[in-house]
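One letter stands for each residue in the lines below.
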Amino acid sequence: MKSRSQDQSLSDSRELDRSYDPLTGNPPSKPNKKTIKQRLLKLLPCCRSGSSSSITQSNISDDDELSTVRYRPEGLDRLVQQTNFTKKELQVLYRGFKNECPSGVVNEETFKSIYSQFFPHGDSSMYAHFLFEAFDTQNNGSVNFEDFVISLSIILRGSINDKLNWAFNLYDLNKDGCITREEMTDIMGSIYDMMGKYTYPCMKDNASKEHVDNFFQKMDKNKDGVVTIEEFLDTCQKDESIMQSMHMFDNVI
Amino acid sequence: MAAGVATWLPFARAAAVGWLPLAKKTMPKPPIDNSSKSDEILYVNVSGVRFQTWKNTLDRYPETLLGSSEKEFFYNEDTQEYFFDRDPEMFRHILNFYRTGKLHYPRNECIQAFDEELAFYGIVPEIIGDCCMEEYRDRKKENQERLAEDTEANEGMDAPLPPNSTSRERLWRAFENPHTSTMALVFYYVTGFFIAVSVIANVVETVPCRPHKGSAKELPCGEKYHLAFFCMDTACVLIFTFEYLMRLFAAPSRCKFMRSVMSVIDVVAIMPYYIGLVMPENEDVSGAFVTLRVFRVFRIFKFSRHSQGLRILGYTLKSCASELGFLLFSLTMAIIIFATVMFYAEKGTKGSTFTSIPASFWYTIVTMTTLGYGDMVPNTIAGKIFGSICSLSGVLVIALPVPVIVSNFSRIYHQNQRADKMRAQQKVRMARIRMAKKGTANAFLQYKEDRNIGDPDGDNSALCVKNRSAFEHQHNHLLHCLEKTTNHEFTNEMNYSELCMTESVGYRTSRSTSLSSHQGAQNNSTGCCPRRARRRAAMRLANSTVSVSRGSVQELDTLHLKTTSIPPQTRSSLNAQMCDMKLNCGDQDFTAAIISIPTPPANSPDESLPPSPAPILGILRNTRATAYTQDSVKISSL
């Protein structure tokens, strides 16, 4: 007749030493700190109802901020104009999007969790972060359906130049129009992180640095240490393999 | 991967464009996706309730029925929808799983029905969401326990012994289950009576009786009627010893038996007597001997074999051992605390009864259990305050574990009630099962007769059809095919043993190998010598079988045919069989006479007499001459 889950938690005396909350199994939660006055008031029956409501209200408003946000995209027709998707495609996209994110926006945590499921071998959080920044064109910390679909339109239905522009935008972390060596190192590092530890051949520590050097050697024509958009476009257009592979993902949706 | 992630995959692939300018090597070709890009709405009709969903929704889980091509088997071209003949209420939950990725367990549904639906749709129950998982697991465990109880009750103690059990096994069985034989029952009551007598004697012998004439001192009855009590004690102990030795002999595992609780109680109950016999009349040891006699009171525990309530109580206490332990521990803690406090509070007062802390234990216990004898009372104010706190807390501490013990007892008690009810209904259920079996057997026989009547005179075949479903026709045909295949006839289980023993004299007999179905009905046809005593068992609806001995030579021997019917596997089919039996024509008791060629069918009396046992003349019920083909046996009485 022992309680099942509480067994382990009460078998040691952690709750006595205040490092452990026996009811929830977590470290004691901070927001419920009450002043001594509030605790004494709680004991008295007359003041109970009055004090409790004032305490809880502030908690609710903090926690539910994200869940009360509801976002509705603009009309379907406008989106059809803005993007290169057909109406049907937009419908399918929106249904999937809304199913996964009923609130209408995607936040960075969701991005990271999705990518961690797709790339379980390594650590994809940095890359997801960079990608999120690339999608979040309005820089407000969340990606709504318009951002999502406009970016997808560029990637999937745009011209080769649009796609290259988008890729450049992804690499350019501070969006200042040029890719510095540090930015490139960060991006490259995040991509290599996704590979994880167990690779063949073994991942050397300077693999990503080598790759960055390679990239700069190829792209940086005037050797000034940064790659501008023109250099980037120029080099890529001259590279046959890159041009051919640009159409690879056109049919994913 | 979860469905949700699958939705994001196209997007992740699209975002891979970002890797293209950085790639060291050329990218691999993408997989060719032949599926139609446009999404379509599928119509799923579940027992008339139409559900509509996107094809993509169902495709999220390709290992299930609805997500794979398996659903094409259920596609109805005419109505352009997928039709499932299942429960629409359950389907709602299944479809929600596809939509949301979480499977919920509806609390008002039977757990078995839900499991079956999941199994049908190819969904693994382990993916039930956390919100419903605990409830699901609890219900499932409860159901399994209940099923285990059912099977235990089914194969319970009332099953008849295998025929070749030793006397030891039978003896053990008699001890464990007194209802099996009258002897066991008698012994059971006798021992119960003697336990009661022994306990009463123990009690009464301490009551003061009137003293002997001429003596002033009052004596306890035990000393006044010393001899009478001694004789009674001896008789009881003899019975108990005999019982114990018998049990020890009959026990399948003697070591295990000797370690069991009841055996220990038995030994403890009778040991004092023997020790008393052996011990000399010595002053020193007789004190110890008197103490030993206390153990005679343990005889009352022998009643637990006789009383189910006692057993339940004992089992409850055993299963609540942890709660009782907790109660004891917390009480001890409280007693020590309060005793210490009271002792120090009352220390100064003159004439205080709180002489030491152990002495205060008594006060604390009496106060906490709210007894309040009043032999120790605090006098100081501090003592009184702490004493009142002590009594208040005592009520609380004792009241806490008690509901747990009570609920445990209630659960075990109800379990027991359920088991008893199952056992009581057992007989009725077995009777129904037997009736159902006989019903199908009769059906086959009836079918055979009808068919064979139909053969010679084909005009009357319409009369013979009676009220049989297509299913029955096909089933009977199948059994007939089996008979033909093996060249044997189905026969009655009850006649099998007799027919084994009797031999035919001068008659052809078919091969006597027996076909046994998993019901155990045997299949045999042997000739019966007309001169031997013939017995016939009639098939009746009731459990009892009537054997009729035929003395008359004039009559045909008959063989009773019983088919090996398909046993009702489920309760629903039990119901089905009951209905079918009503449809079978007329008298359930009939036999068929088997006649072989080349002689023409002998005369057979075909009156349908009601079954009644006749001492000399056997009664043929509803017999008809059936003409069989070459391989059947002719038995004629002349």
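Residues numbered from 1 in each chain as written. Chains lettered and ligands numbered in written order. Predicted model: local features only at pLDDT ≥ 70, side-chain atom pairs only at ≥ 80, totals over all residues. Heavy atoms only, no water.

(A) Main features of the overall build of chain B. In terms of regular secondary structure, chain B is built from 21 helices and 10 strands. Per-residue burial over chain B gives 38% buried out of 638 residues. Within chain B, contacts between residues separated by at least 24 positions form 67% of all contacts whose residues are at least 6 apart in sequence. (Helix = DSSP H or I, 4+ residues; strand = E, 2+ residues; numbered from the N terminus. Buried < 20%, exposed > 50% of the residue type's maximum accessible area, 1.4 Å probe, protein only. Contact = heavy atoms within 4.5 Å.)

(B) A look at the UniProt feature "domain: EF-hand" (unreviewed entry) in chain A. What UniProt calls "domain: EF-hand" (unreviewed entry) maps, in this numbering, to residues 123-158, 159-194 and 207-242 of chain A. Between the C-alpha atoms that bound residues 123-158 of chain A there is a distance of 30 Å. The span itself is 67% helix and 8% strand. (UniProt positions renumbered as here; feature names shortened; annotations may be inferred.)

(C) Summary view of the interface of chain B and chain A. Tallying the contact residues gives 34 residues for chain B and 50 residues for chain A. Carbon and sulfur atoms supply 71% of the area buried between chain B and chain A, which totals about 3,600 Å² over both sides. When the buried surface of chain B facing chain A is broken down by residue, Trp8, Phe11 and Leu22 of chain B rank first, second and third, together holding 21% of it. Across the contact surface, chain B and chain A share 0 salt bridges. (Buried area = accessible area lost by both parts, 1.4 Å probe. Salt bridge = Lys/Arg side-chain N within 4 Å of Asp/Glu carboxyl O.)

(D) Quick peek at the environment of Val226 of chain A. Residues and elements named next belong to chain A. Structurally, the position occupied by Val226 is in strand 4 (residues 226-228). Sequence separation between Val226 and Thr180 is 46 residues, and the spatial gap between their C-alpha atoms is 4.6 Å. In this view, Val226 contacts Cys178, Ile179, Thr180, Phe216, Asp220 and Glu231; residues no more than four positions away in its chain are not counted.

(E) Broad picture of the pairing of strand 2 (residues 49-54) of chain B. Relative to strand 2 of chain B, strand 1 (residues 41-46) of chain B runs antiparallel, the two sharing 6 bridges. What sits directly across from Val46 of chain B, in strand 2 of chain B, is Val49 of chain B. (Pairing = 2+ DSSP bridges.)

(F) Representation of the sheet that holds strand 2 of chain B in the model. Residue and element names in this part refer to chain B. Spatially, the 4 strands line up as an open sheet ordered 2-1-4-3, and their pairing is mixed. With one partner strand each, in any of the chains shown, strand 2 and strand 3 (75-76) form the two edges of the open sheet. With 3 bridges connecting them, strand 1 and strand 4 (residues 81-84) associate as parallel partners. Bridge pairing in strand 4 links Val46 to Phe84.

(G) Broad picture of the packing of helix 8 (residues 145-157) of chain A against helix 9 (residues 160-171) of chain A. Residue and element names in this part refer to chain A. At a minimum axis distance of 7 Å, the contact between helix 8 and helix 9 shows a crossing angle of 125°. Here helix 8 lies oblique to helix 9, going by the angle between them. In this structure, helix 8 crosses over helix 9, and the sense of that crossing is left-handed. Within the contact between the two elements, helix 8 uses Ser151, Ile154, Ile155 and Leu156 and helix 9 uses Asp162, Lys163 and Trp166. Within the contact of helix 8 with helix 9, the residues separate by chemical class into 4 nonpolar, 1 polar and 2 charged. (Axes fitted to C-alpha atoms, helices over the stretch in contact; angles between N-to-C directions. Parallel < 35°, antiparallel > 145°, perpendicular 65-115°, else oblique. Left-handed = near helix turned anticlockwise from the far one by under 90°. Nonpolar A, V, L, I, M, F, W, Y, C, P; charged D, E, K, R; others polar.)

(H) Local environment of the pattern of salt bridges. Residue and element names in this part refer to chain B. Applying the stated criterion across every chain, the model contains 21 salt bridges over all chains. Across the salt bridge formed by Glu135 and Arg107, the nearest N and O atoms sit 3.6 Å from each other. Residue Glu135 is found in helix 5 (residues 130-154), and its partner Arg107 is found in the loop between helix 3 (88-100) and helix 4 (111-120); the two are separated by 28 residues along the sequence. Residue class for Arg107 comes out partly exposed when judged on its relative accessible area of 44%. For Glu135, the salt bridge identified is with Arg139, shortest N-O distance 3.8 Å. With Glu135 and Arg139 both in helix 5, this residue pair falls 4 residues apart, about one helical turn. Using a relative accessible area of 26% as the deciding quantity, one classes Glu135 as partly exposed. Owing to a relative accessible area of 23%, Arg139 belongs among the partly exposed residues under this scheme. One connected set of salt bridges, linked through shared partners, spans Glu243, Arg247, Asp266, Lys302 and Arg305.

(I) Focus on helix 11 (residues 207-219) of chain A. Residue and element names in this part refer to chain A. Taking 1.5 Å per residue, 13 residues should reach 18 Å; helix 11 reaches 18 Å between its end C-alpha atoms and fits that length. Buried within helix 11 we find Ala207, Ser208, His211, Val212, Phe215, Phe216 and Met219. Packed against the buried residues of helix 11 are strand 3 (178-180), helix 10 (181-195), strand 4 and helix 12 (229-238). (Expected span 1.5 Å × (residues − 1).)

(J) Quick peek at helix 6 (residues 108-118) of chain A. Among all positions in helix 6 of chain A, only Glu108, Phe111, Ile114, Tyr115 and Phe118 of chain A are buried. Looking straight down helix 6 of chain A, one finds that the buried residues subtend no more than 125° of arc, so they occupy a single side. (Arc of directions from axis to C-beta.)

(K) The packing of helix 11 of chain A against helix 12 of chain A, seen in detail. Residues and elements named next belong to chain A. Where helix 11 meets helix 12, the closest approach of the two axes is 9 Å, and the angle between their N-to-C directions is 90°. Classified by the angle their axes make, helix 11 and helix 12 are roughly perpendicular. Residues Phe215, Lys218 and Met219 of helix 11 pack against Glu231, Phe232, Thr235 and Cys236 of helix 12. Residue composition of the contact of helix 11 with helix 12, grouped by class: 4 nonpolar, 1 polar and 2 charged.

(L) Layout of unusual backbone geometry. All names here are of chain B. Positioned with a positive phi, Ser47 is a non-glycine residue whose angle comes to about 50°. For Ser47, the location among the structural elements is in the loop between strand 1 and strand 2. Taking relative accessible area as the criterion, Ser47 reaches 32% and is therefore assigned partly exposed. The residue Gln80 is not glycine, and still its phi comes out positive at about 55°. Tracing the backbone through its elements, the reader meets Gln80 in the loop between strand 3 and strand 4.

(M) Region of interest: the packing of aromatic side chains. Under the criterion given, the structure shown has 52 aromatic pairs over all chains. With a centroid separation of 6.0 Å and 80° between ring planes, the pair formed by Tyr171 of chain A and Phe232 of chain A is classed as edge-to-face. Of this pair, Tyr171 of chain A sits in helix 9 while Phe232 of chain A sits in helix 12, and the two are 61 residues apart along the sequence. Judged on exposure class, the residue Tyr171 of chain A and its partner Phe232 of chain A are both buried. The rings of Tyr94, Phe97, Phe111, Phe132, Phe135, Phe145, Phe148 and Trp166 of chain A together with Trp8 and Phe11 of chain B are connected pair by pair, giving a single aromatic cluster. In this structure, Arg95 of chain A is placed above the aromatic ring of Trp54 of chain B, and the distance from its NZ or CZ to the ring centre is 3.4 Å. When the ring centre of Phe120 of chain B is taken as origin, the NZ or CZ atom of Arg86 of chain B, which lies over that ring, is 4.0 Å away. (Phe/Tyr/Trp six-rings, centres within 6.5 Å; stacked < 30°, edge-to-face > 60°. Lys NZ or Arg CZ within 6 Å of the ring centre and 35° of its normal.)

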